[in-house]
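Chain and residue survey
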Amino acid sequence: MATLLYRLGRGALRRRRLVVTLWLVALIGLGGAAALFRGPTSSDFTMRGTESQEALDLLAKEFPAASGATGTIAVKAPADGQLGTPQGQAVLRELVQEAGSLPGAVGAVDPVQAGAISPDARYALVQVQFSGGADEVTDAQREAYEKVGERAESQGYQVAPGGEVLNTEPEVGSTEAIGVLVALIVLVVTFGSLVAAGMTMLNALIGVGAGMAGLFALSAVVDLTSTAPILALMLGLAVGIDYSLFITSRYRQNLLSGLTPEEAVGRAVGTAGSAVVFAGATVVIALAGLAVVNIPFLTVMGLAAAGTVTVAVLVAITLQPALLGFAGQRVLPRKLRSTAPTDGTAPADEPAPADVDVAEDRSGFGFRWARWVTRLRIPVILAGLLGLGLLAIPSTDMRLALPDAGTAPVGSPARTSNDLITEGFGPGFTGRLVVVVSGDSAERAAAALPRVTQEIQDTEGVLAVAPPQLSPDGRTALLAVIPETGPTDQATETMVHDIRGAVDGIDGAEVLLTGVTAIGIDVSEKLADALPIYLLLVVGLSVLLLMLVFRSILVPVKAALGFLLTVAATFGITVAIFQQGTLADLVGLDTPGPLVSFLPILLIGILFGLAMDYEVFLVSRMREDFVHGDTAAQATINGMGHGARVVTAAALIMMSVFGGFVFLDDPIIKSMGFALAIGVAIDAFVVRMTIVPAVMSLLGDKAWWLPRWLQRALPNVDIEGEGLRAHLDEKAAAGVR
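Residues numbered from 1 in each chain as written. Predicted model: local features only at pLDDT ≥ 70, side-chain atom pairs only at ≥ 80, totals over all residues. Heavy atoms only, no water.

Structural notes on the overall build of the chain
Secondary structure summary: the chain contains 25 helices and eleven strands in total. Taking all 737 residues of the chain together, 57% fall into the buried category. Counted over contacts in the chain with a minimum sequence separation of 6, partners at least 24 positions apart contribute 81%. Carbon and sulfur atoms make up 60% of the accessible area of the chain, which amounts to about 29300 Å² in all. Positive and negative side-chain charges of the chain, numbering 48 and 68 respectively, have mean locations separated by a distance of 16 Å. (Helix = DSSP H or I, 4+ residues; strand = E, 2+ residues; numbered from the N terminus. Buried < 20%, exposed > 50% of the residue type's maximum accessible area, 1.4 Å probe, protein only. Contact = heavy atoms within 4.5 Å. Areas by Shrake-Rupley, 256 points an atom, 1.4 Å probe, with all protein chains shown as cover. Lys, Arg positive; Asp, Glu negative; His and termini not counted. Charge placed at Lys NZ, Arg CZ, Asp CG, Glu CD.)

With respect to the pattern of salt bridges
Counted according to the given criterion, the structure contains 19 salt bridges. For R621, the salt bridge goes to D625, with nearest N and O atoms at 3.0 Å. One end of the pair is R621 and the other is D625, both in helix α21 (residues 599-627) and four residues apart, which spans about a single turn. The buried category is assigned to R621, whose relative accessible area is 7%. Within the structure, one salt-bridge network assembled from shared partners comprises R10, R14, E262, E263 and R267. (Salt bridge = Lys/Arg side-chain N within 4 Å of Asp/Glu carboxyl O.)

Things to note about a nonpolar patch on the surface
Together, I178, V182 and F663 make up an exposed nonpolar region whose accessible area comes to about 270 Å². Summarising the element assignment, V182 is placed in helix α8 (residues 175-191). Of the residues examined, V182 reaches a relative accessible area of 33% and is grouped as partly exposed. (Patch = residues over 30% accessible without salt bridge, like charges linked within 9 Å, V, L, I, M, F, W, Y side chains within 5 Å.)

Some words on the sheet that holds strand β4 (residues 158-163)
Pairing in this open sheet of four strands is antiparallel, and the strands run β2-β3-β1-β4 from one edge to the other. The open sheet is flanked by β2 (105-109) and β4, the only strands paired with a single partner. Shown here is a sheet whose adjacent strand axes are inclined to one another by a mean of 20°, direction ignored. Relative to strand β3 (residues 123-130), strand β1 (residues 70-76) is paired through seven bridges, and the arrangement is antiparallel. Opposite A74, over in β3, you have L125 as the bridge partner. (Pairing = 2+ DSSP bridges. Axes fitted to C-alpha atoms, helices over the stretch in contact; angles between N-to-C directions.)

Some remarks on the packing of aromatic side chains
Using the criterion set out here, one finds ten aromatic pairs in the structure. Ring centres 6.0 Å apart and planes at 25° place the aromatic pair F365 and W369 in the stacked group. Here F365 pairs with W369, and both are found in helix α14 (residues 365-375), just four residues apart, close to one helical turn. For F365, a relative accessible area of 53% corresponds to the exposed category. With a centroid separation of 5.8 Å and an interplanar angle of 75°, the aromatic rings of F563 and F608 are classed as edge-to-face. Of this pair, F563 sits in helix α20 (residues 554-579) while F608 is found in helix α21, placing the two residues 45 residues apart along the sequence. F608 carries the same exposure label as F563, and that label is buried. A network of ring pairs unites the aromatic residues F365, W369 and W372 as a single cluster. Between the NZ or CZ atom of R16 and the centre of the ring of F326, over which it lies, the distance is 5.5 Å. Just above the ring of F216 sits the side chain of R38; from NZ or CZ to the centre is 3.9 Å. (Phe/Tyr/Trp six-rings, centres within 6.5 Å; stacked < 30°, edge-to-face > 60°. Lys NZ or Arg CZ within 6 Å of the ring centre and 35° of its normal.)

Thoughts on the environment of G163
Among the secondary structure elements, G163 is positioned in strand β4. For the pair G163 and A414, spaced 251 residues apart in the sequence, the C-alpha separation amounts to 6.9 Å.

Overview of the environment of P119
Inspection of the secondary structure puts P119 in the loop between α5 (111-114) and β3. A C-alpha to C-alpha distance of 8.7 Å links P119 and F425, two positions 306 residues apart in sequence.

Considering the packing of helix α11 (residues 261-288) against α21
To characterise two packed helices, one gives the angle between the axes of the helices and the distance between these axes. At a minimum axis separation of 8 Å, α11 and α21 run at an interaxial angle of 160°. Relative to α21, α11 is oriented roughly antiparallel. Our pair here, α11 against α21, has a crossing hand that is right-handed. Touching A272, A275, V276, F278, A279, T282, V283, A286 and L287 of α11 are G605, I606, F608, G609, L610, M612, D613, V616 and F617, all from α21. Taken together, the residues of the contact of α11 with α21 sort by class into 14 nonpolar, three polar and one charged. (Parallel < 35°, antiparallel > 145°, perpendicular 65-115°, else oblique. Left-handed = near helix turned anticlockwise from the far one by under 90°. Nonpolar A, V, L, I, M, F, W, Y, C, P; charged D, E, K, R; others polar.)

Quick word on the nonpolar core
Ranked by internal contacts, the top residues of the largest apolar core, which has 173 residues, are Y243, L298, F598 and F658. Counting residues per element, this core draws most heavily on helix α12 (residues 296-327), at 19 residues. In terms of nonpolar packing, the next biggest core, distinct from the first, is built from 25 residues, I73, A77, L92 and A134 among them. (Core = buried A, V, L, I, M, F, W, Y, C linked by side-chain atoms within 4.5 Å.)

Things to note about helix α23 (residues 667-699)
Considering bend angle alone, the principal kink of α23 is centred on V687 and spans about 35°. Across the 33 residues of α23, 27 count as buried, placing the element largely inside the fold. Near the N-terminus of α23, the side chain that reaches the backbone nitrogen of I668, with its oxygen 3.0 Å away, is that of D666. In the stretch just after α23, G700 is the one whose phi turns positive, near 65°. (Bend = angle between axes of the 7 residues up to and from the residue. Polar contact = N/O pair within 3.5 Å; in protein donor to acceptor, adjacent residues only side chain to side chain.)

Purely spatial values, then, with no claim about function.
Shown next, in the form of structure tokens:
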């Protein structure tokens, strides 16, 4: 692979104008396709095979008028008892009439007739039924809904529209640009050259632009969840900058070693590019592997992010060499341009992947850190394990749920409505459940209703059961169930299971429980069940892939254990902040709550790929030097010394990009950005750059042991460029340049 990439890099530089033109044409073409074919995203996190989804499908078939989105308008009068007066009820009737005539609405329920007025007659709830689902509500319909009740507000009433009608796509604004700006500063500091930093960033932006445009172009035929494009943008931008950074860094080192720009690019793509391809493939496999858990919206999220990562890899190994050809020696700081040899006379036997300059400086921080870590390896390992273990403790209390309006930003319409409902009626009214009773005939359904109602009323945790709503043919009935506790409360989850157990097997009717709260519980439980399977898959995959790359047993096992430490500590910190509320103000979190249900499994997939990135970039150099005669201890120091600066820059860049999304208001995106940023920090600085070299020095030569029969069985993955080195030696012997 290294030899193939070497030729690809040289070819891209020679035909740099053609390569740049083709990428720009692709970017413009994909952008046009995105503009023409972009479809809406979905906020639907339901999944087939759950009871809540079966109930929704049944409603769509048997009771379509009740299968659309619903809105709940909370009303608060200026004083107690006011909604019990004729004047107050007149205000409510006018509000009901206005809500029922909204665009897209099929009707609104009068709270006086429905009994949806608080005991102190100060609060009321107006239920609004829409014809289409939440994703079918247009922006114009949503805007009209948010403005309902302006006349009542002029009379001193507080009117707060809420409900699933307000579900919108998360907005990506200017806050994440802060992360990109920080990444650019890191590049400038790392390279000491504005040309190198700007070109690396430009390359990454072109890649993420092409990837996102392609994703939006496909959205016309693929159902994208609202978070899928954000995840794809987040990951595509981070890896795009990092992959370009690795190749540019190696190119600069090759220039300083006396190679011509063409040869320097070829060797950079052949060596660093091989690591980029392997690292990118690892991330793609991990993300595509989310399909194994058979959860449609998670599969789409994984494949969307995998697509942008694939584009980032292609851009790094094709467009980046072309741009480097235009830049030449301007990627070096001015003070080094005059000292870098320009005759291209590198030694014929120079190892292709060498990161050393002609006069190698081993006094840098990376070498000094490696010597300190390897000298104090036992205390370092123990301190690392103890520290990460302590950070992981809160993860034992981790709870999963889909976010509700109670965790929305303070001041948002959804949060205002939620708080007003809780204030007037209690938390249970913000997470109503719906029981669907369906029979073969109207008589059977009617006969089952009394027993179903009684069983639900006798269930612990149920506050009230509303009178049934019947479909036109009478075969399907809806029962609204009000729990005593909020949607994400553990007691509500227990109550849902108790209701399902109580109504299971009632003769003459099929009884199903659904509603936003039940959907969230079902999704969270299915994801929790899939988590151990996916974790086992990822850990097994990491061992196999790294065994191929490093031809060792202990190195892959060590890498997998380090990954598990990263995941555990990341979960612990995320739970402490986002669920338990510790230091929540630092991330702008208004209300702590359970983690979003798909965060852990998504985090495992992404962090696995990124952790393998750093493992490959650091340990591949250790193996390279060990194979070429260095002792295991010296090879460990060399690997850290040469890789620390680039890996530090790469980690800081990823942390900056992910951290930029923490400033968004959406709780899902905020928690994802934070968890990824902190996970990268732990994996890069604590696990890969501290614990790994300490363990490697402790293992010594045993780290590279592999049974002979396994050596013969494993294919040779030329990640260090040994085949390329032989190819270059043949060229030198033949006098070919």
